[in-house]
Amino acid sequence: MKDKHIVWELASTTTDQNTTLVTGGEYEVFLSFCGKDTRKAFTDFLYIYLVGAGIRTFRDNNELCVGEGIRLELLKAIKESKISIPIFSKSYAASKYCLLELTEMVECHRSEGQKIFPIFYNIKPSEVRHQTGSYEGAFSQHEKNFEGNVVQGWKDALRKVGELRGLELEETNGHEGELVKMVVEKVLLELKKNYKHVPDNVVGMDHHIEELMGLLNFDFDGVRIVGILGMGGIGKTTIAKAVFNKLCDYFQCCCFIEDAREKAKHHSGLVNLQVQLVSKFRKGEFGKFNDVNEGTDRIKDAVHSKKVLIVLDDVDEKFQFDHLAGKLDWFGAGSRVIVTTRNKQVLDSLKVTFERESLHDAYRSYEPSLMDPRHALVLFSRCAFMRDFPPEGYDILSKQVVCAAAGLPLVLVTMGSLLCGKKDKVLWGEILRKLKKVPKEKVLEKLRPCFEALDYGQKQVFLDISCFFAGTNKEHPYYMWDDCEFYPAEAINVLVLRSLLKVDDDNRLRMHDQLRDLGRQIVREENLFDLGERSRLCCHKEALDVFERHMANKLKALNISFCRDLARVPSLSGWWRVVQIKISVPLRLDEMRQMEMIVLLVIGKVLSGGDMIAAALDDLQQLLPHSLHYLPVNPLNI
């Protein structure tokens, strides 16, 4: 007689010595295997090495008897693991329990984006995909015992997983130890994807982590918000990243929103941050929202009842928090939200809100202290000398630099990087005198000597990045810099070596917000009163003012992309000095021909005599000035 209903039969909710009931994402990896093929051999070997690598791994040690139901803990273990590893062997398809596990994995992969890493143990992927060989015989038996729709569901699951890129024992010429090593490395790489980069040279971080962990208090089952308050450059983001890395594996979902203050300034910036959150909590969902209110509702739905960890980095207005993290009742029990900010009013308003709602346990704050002289000297020495203490003859000079840096990690790192490899004590003395002239609260001025030590081309690249290209792919402005003979490869290398810039794994240019602000301040100081005398304009309001007055004597670059207040096509006649334009409204080509020096143009639409040009990119290039060697289109709306 055929079984009409093959489901997860919850035989028992109790646990025994061989299995542990899963709670709150206790496991990271679920192993699915046929016991008689691999339990005491390959699977045992793999399990031991996964656990030895610090990976929380579920392996069912119970042999199921005929007719026994699938236990609740197996179902929970699959659902709450981040990665499922089915070990396909000759007898895998003969077990209905293995097939039930596989079906559940495929469903979690579809609905939650869970990863599946298949292993093909003495069997080819094609046998799994098409149910040939031993799998064909197994399904001949299943078709006699189970309903057709059940069997078809198992076949579909095998086909889907069999199409995934997995690891084969054959790839290692039968060496099981080598295969185990490959699996462990792949799992570790995947699990670290959520981790945020924390520099290797950090000092004194354990104290901050301990303090913050105490405030987060995981004995408290409710939702808690913890604010980190401090001036720029004190290390708020680094502390938040270190804690995030330590905790992210213990939550169902986690998301780190970086640089919220700067990103929220851009057109649809806050909406884009909301999209980032939702895509993290609903794997693969990248739909755009019409406005922030819709985004807020979508976030509420995405995090509903889930235990989540969210870090909102560099929030400067409470409304940003309201639209990204909203209310405590959005989240599941045990959720934590960390907010870093320079603005004390943001945290004060949060505190008042929670106290008004009698949620006194929901909020805590932490204000990192400046580095003590001992830790500061170690950090500076690691950057300047690649060791934990100064070499002979530089001890007093190093301590003077540390004192002048006033305990600010960002200043210590940048000054150490600037002086790295410099043995001329006269140079050390000059930089030290500049530092001592600056009050400790003026962080930007303490960083200025690092800028002044750059050559002309390196300074231009630094200013361009600070005004326009932070967060963009480094290839976008590269050709423009090359055409201007700024030697970008060398310039970027120098900026990275001096800790003024980072290039992340996605090839994007990353700059600390204090360094970005320093660059923009240097541009403002070119002329505090006449905007047209500045070399760059990245503020929409200032750019519009220059348009209205037609005064741009020294302007070389401007950004008015997605400017909400730009209601008409701007006239660029007479702007022959301009080298860069980022704009999202139509331009007139007859005026652009006058711009003999332009080398970078980021546009949305192009007009010629008032008509839209429906031409290929190569044709468009012929109509523009000969100086334009690089034309990123964003996109070309024609």
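Details of the structure are given in the entry above.
Owing to the predicted nature of the structure, the values given are computational and were not obtained by experimental measurement.

Parameters at a glance
- Residues numbered from 1 in each chain as written.
- Predicted model: local features only at pLDDT ≥ 70, side-chain atom pairs only at ≥ 80, totals over all residues.
- Heavy atoms only, no water.
- Helix = DSSP H or I, 4+ residues; strand = E, 2+ residues; numbered from the N terminus.
- Buried < 20%, exposed > 50% of the residue type's maximum accessible area, 1.4 Å probe, protein only.
- Contact = heavy atoms within 4.5 Å.
- Areas by Shrake-Rupley, 256 points an atom, 1.4 Å probe, with all protein chains shown as cover.
- Phe/Tyr/Trp six-rings, centres within 6.5 Å; stacked < 30°, edge-to-face > 60°.
- Lys NZ or Arg CZ within 6 Å of the ring centre and 35° of its normal.
- Axes fitted to C-alpha atoms, helices over the stretch in contact; angles between N-to-C directions.
- Parallel < 35°, antiparallel > 145°, perpendicular 65-115°, else oblique.
- Left-handed = near helix turned anticlockwise from the far one by under 90°.

## Description of the overall build of the protein
Next up, step 1: Helix and strand counts for the protein come out as 27 helices and 20 strands.
Next up, step 2: A total of 638 residues make up the protein; the buried ones form 51% of that total.
Next up, step 3: The contacts in the protein between residues at least 6 apart in sequence include a share of 66% that link residues at least 24 apart.
Next up, step 4: For the protein, the accessible surface area stands at approximately 30,200 Å², while carbon and sulfur atoms represent 50% of it.

## Things to note about unusual backbone geometry
Next up, step 1: The backbone phi angle of Asp 259 is positive, close to 55°, even though this residue is not glycine.
Next up, step 2: Looking at the secondary structure, you find Asp 259 in the loop between β8 (253-257) and α11 (260-265).
Next up, step 3: The phi dihedral of Glu 485 falls on the positive side, at around 60°, and the residue is not glycine.

## Quick word on the packing of aromatic side chains
Next up, step 1: If you walk through the whole model with that rule in mind, you get 21 aromatic pairs.
Next up, step 2: On the numbers, 6.2 Å between centres and 50° between planes, the contact of Trp 330 with Phe 331 is tilted. Of the two residues, Trp 330 and Phe 331, both sit in the buried class.
Next up, step 3: Between the aromatic rings of Tyr 456 and Phe 486, the centroid separation amounts to 6.1 Å while the plane-to-plane angle is 75°, which identifies the pairing as edge-to-face. Here the residue Tyr 456 occupies a position in helix α21 (residues 456-469), and Phe 486 occupies one in the loop between α22 (475-483) and α23 (488-497), the gap between them amounting to 30 residues.
Next up, step 4: A network of ring pairs unites the aromatic residues Phe 380, Phe 385, Tyr 394 and Trp 428 as a single cluster.
Next up, step 5: Taking NZ or CZ as reference, Arg 56 lies 4.7 Å from the ring centre of Tyr 250, over its face.
Next up, step 6: Taking the ring centre of Tyr 47 as reference, the NZ or CZ of Arg 59 above it sits at 3.9 Å.

## Thoughts on the environment of Leu 370
Next up, step 1: Mapped onto the elements of the fold, Leu 370 is located in the loop between β11 (363-366) and α16 (373-385).
Next up, step 2: Leu 370 gets classed as partly exposed once you look at its relative accessible area, which sits at 35%.
Next up, step 3: When the C-alpha positions of Leu 370 and Ile 234 are compared, they lie 6.7 Å apart, and in sequence the two are 136 residues distant.
Next up, step 4: Beyond its immediate stretch of four places on either side in the chain, Leu 370 contacts Ile 234, Ala 406, Gly 407 and Leu 408.

## Looking at the packing of α16 against helix α17 (residues 395-404)
Next up, step 1: Running from amino to carboxyl end, α16 crosses α17 at an angle of 115°, the nearest separation of the two axes being 10 Å. Between α16 and α17, the angle falls in the class roughly perpendicular. Crossing handedness for the pair α16 and α17: right-handed. Along its contact with α16, which presents Pro 373, Ala 376, Leu 377, Phe 380 and Phe 385, the element α17 presents Ser 398, Lys 399, Val 401 and Val 402.

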